[in-house]
Amino acid sequence: MQDNTSENHSQNIGFQSEETSQESNFTDSSNQQLDFIYQSVSKIKSEIHKIIIGQDEMIDLLLVSLFADGHVLLEGVPGVAKTITAKLLARTLSIDFSRIQFTPDMMPTDILGTTIYSLQEAEFNFTKGPIFSQIVLIDEINRAPAKTQAALFEVMEERQVTIDGTTHKMELPFFVIATQNPIEQEGTYRLPEAQLDRFLFRISLNYPSLSEEKQILHRFKNQLQNDISVVNPVLKGVDILACRKIVEEVHIKDELLDYIAEITYQTRNHGSLYLGASPRASLAIMRASKAMAVLRGRMFVTPEDIQEVAYPVLGHRIMITPEREMEGLTGEDLVKEMIQKLDVPR
């Protein structure tokens, strides 16, 4: 494992295995492929749970997003394992990992890279920034100003960066995990809607239960620091890309596509909302539900898959009217209400 820290508070960590990076463990049979994915997911969870107690829903949604070729925004108060979970997931994958700590003085070039004139070669050379990795953890994304956040638009949507008229493609798989604290307001900048829309999921993390809190204390009573070196790689980059191919082949009935469209359409015609979800949200629900089906060991989507991913997809794409928000209405309540009103296709 390589560890380099640069002046812009970024950290590059590589987990690439030279001996195994070129070959996938996949076979030709669909059943064998599904079994391989199921076993791999179980191993990844087991490795992460060497350190993390609980947070099973977050881990499932992180894996769904990874297999659906999406990005994730983790939202929660300090100390609920947002950053450490992202780092542990990166350790279970044999691909490059980069961490960027966003700060108020950060510039777009600190993330993307810059063109520097070389006196020896008498020409300009592009020096890549920390975004040029495969798993990128952006810690406290709302600490950076809007112009720095806007630097992520192209790379998150198109998997490429354009600098001085030259386009630089990202190495696949490319997966962004961002964190933010929703409580603290001083020294933070609200993420623009265009930025939020580029995240497949927003996952809200809650405090652990009393039982989980006791387990945490008992597990770490003799440790001063988490030893993440105990977490071992499970999947290679080519395996992740193969998983995404399998997700593309998952069958979803036309009735379920109509069901997704109806859920999204309701957000645009609801009296408690002044911003509904775009067609990108419908596509996100479809992709995520197919990945969820694969995670559950199936090659077909069920209504339950759609319902399970609906709120993480829609929660950050809808905006409640101030009046209803003051009454205590939440996005999750609204999404559940809209789903309950619809007939479930069977």
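Just so it is clear, the structure is predicted and the values come from calculations on it, not from any experiment.

### Focus: the layout of surface pockets
Stage number 1. For the largest pocket, the calculated volume is near 1300 Å³.
Stage number 2. Considering the residues around the largest pocket, the lining is formed by 45 residues, among which Glu75, Arg202, Ser204, Tyr311 and Gly315 are closest to the centre.
Stage number 3. At the level of secondary structure, the elements contributing two or more residues to the lining of the largest pocket comprise helix 2 (56-67), helix 7 (193-196), strand 12 (201-204), helix 12 (303-314), strand 15 (319-320) and helix 14 (331-341).
Stage number 4. At five residues, helix 14 tops the list of elements feeding residues into the lining of the largest pocket.
Stage number 5. Per-class residue counts for the lining of the largest pocket are 19 nonpolar, 14 polar and 12 charged.
Stage number 6. For the second largest pocket, the calculated volume is near 330 Å³.
Stage number 7. Around the second largest pocket, the lining comprises 16 residues; the ones closest to its centre are Ile52, Gly79, Val80, Ala81 and Ile216.
Stage number 8. Broken down by element, the residue count for the lining of the second largest pocket peaks at three residues, all from helix 8 (residues 210-219).
Stage number 9. For the lining of the second largest pocket, a count of residues per class yields 11 nonpolar, three polar and two charged.

### Here we look at helix 1 (residues 30-48)
Stage number 1. Spanning 19 residues, helix 1 covers 27 Å between terminal C-alpha atoms, matching the ideal 27 Å at 1.5 Å per step.
Stage number 2. Those residues of helix 1 that fall on the buried side of the exposure criterion are Gln33, Leu34, Phe36, Ile37, Ser40, Val41, Ile44, Glu47 and Ile48. Along helix 1, the residues classed as buried sweep out an arc of 155 degrees about the axis, all on the same side. For helix 1, the exposed residues set more than 90 degrees away from the buried face come down to Asn31 and Lys43.

### Quick notes on the pattern of salt bridges
If charged atoms from side chains of opposite charge come close, those side chains can pair.
Stage number 1. With the rule as written, the count across this model stands at 17 salt bridges.
Stage number 2. Between lysine 341 and glutamate 337 there is a salt bridge, and its shortest N-O distance comes to 3.4 Å. Placement of the pair is lysine 341 and glutamate 337 together in helix 14, with a separation of four residues, close to one helical turn.
Stage number 3. With a relative accessible area of 28%, glutamate 337 lands in the partly exposed category.

### Brief notes about the packing of aromatic side chains
Stage number 1. Counted under the stated rule, the structure contains two aromatic pairs.
Stage number 2. Consider the rings of tyrosine 117 and phenylalanine 124, whose centres lie 5.0 Å apart with planes at 65 degrees: the pair is edge-to-face.
Stage number 3. In this structure tyrosine 117 comes out as partly exposed when scored by relative accessible area, which is 43%.
Stage number 4. Measuring from ring centre to ring centre gives 5.9 Å for phenylalanine 126 and phenylalanine 132, while their planes differ by 70 degrees; the resulting arrangement is edge-to-face.
Stage number 5. Classification of phenylalanine 126 by relative accessible area gives partly exposed; the value is 23%.
Stage number 6. What makes phenylalanine 132 buried here is its relative accessible area of 17%.
Stage number 7. One cation-aromatic arrangement involves arginine 198 over phenylalanine 153; the distance from NZ or CZ to the ring centre is 4.8 Å.

### Some words on the nonpolar core
Stage number 1. If you look at the biggest cluster of nonpolar residues, it comprises 76 residues, and the most contacted ones within it are Phe67, Leu89, Leu93, Ile177 and Phe201.
Stage number 2. By residue number, the principal contributor to this core is helix 11 (residues 279-295), which donates nine residues.
Stage number 3. By size, the runner-up hydrophobic cluster in this structure holds 25 residues, among which are Ile141, Ala151, Leu152 and Leu196.

### Considerations on the pairing of strand 11 (residues 175-180)
Stage number 1. The buried count for strand 11 comes to six of six residues, which makes it a mostly enclosed element.
Stage number 2. Of the two faces of strand 11, both are covered, the one formed by Phe175, Ile177 and Thr179 as well as the one formed by Val176, Ala178 and Gln180.
Stage number 3. Sheet topology note: the strand 3 (residues 72-75)/strand 11 ladder contains four bridges and is parallel. Each residue of the ladder has a partner; that of leucine 73, found in strand 11, is alanine 178.
Stage number 4. Judged from the four bridges that link them, strand 8 (residues 135-139) and strand 11 form a sheet pairing that is parallel. If you follow leucine 137 over to strand 11, its bridge partner there is isoleucine 177.

### Some details on the side chain of threonine 103
Stage number 1. When you line up the elements, threonine 103 lands in the loop between strand 5 (97-101) and helix 4 (108-112).
Stage number 2. For threonine 103, a relative accessible area of 15% puts it in the buried group.
Stage number 3. Polar side-chain contacts of threonine 103 include one of 2.6 Å to the side chain of aspartate 105.

Quick notes on the rules
Residues numbered from 1 in each chain as written. Predicted model: local features only at pLDDT ≥ 70, side-chain atom pairs only at ≥ 80, totals over all residues. Heavy atoms only, no water. 1 Å grid on protein atoms, 1.4 Å probe; cavity = no way out; pocket = protein on both sides within 12 Å on 5 of 7 lines; lining within 4 Å. Points joined across faces, edges and corners; volume = space filled by probe spheres on them. Helix = DSSP H or I, 4+ residues; strand = E, 2+ residues; numbered from the N terminus. Nonpolar A, V, L, I, M, F, W, Y, C, P; charged D, E, K, R; others polar. Expected span 1.5 Å × (residues − 1). Buried < 20%, exposed > 50% of the residue type's maximum accessible area, 1.4 Å probe, protein only. Arc of directions from axis to C-beta. Salt bridge = Lys/Arg side-chain N within 4 Å of Asp/Glu carboxyl O. Phe/Tyr/Trp six-rings, centres within 6.5 Å; stacked < 30°, edge-to-face > 60°. Lys NZ or Arg CZ within 6 Å of the ring centre and 35° of its normal. Core = buried A, V, L, I, M, F, W, Y, C linked by side-chain atoms within 4.5 Å. Pairing = 2+ DSSP bridges. Polar contact = N/O pair within 3.5 Å; in protein donor to acceptor, adjacent residues only side chain to side chain.

Keep in mind these values describe shape, not function.
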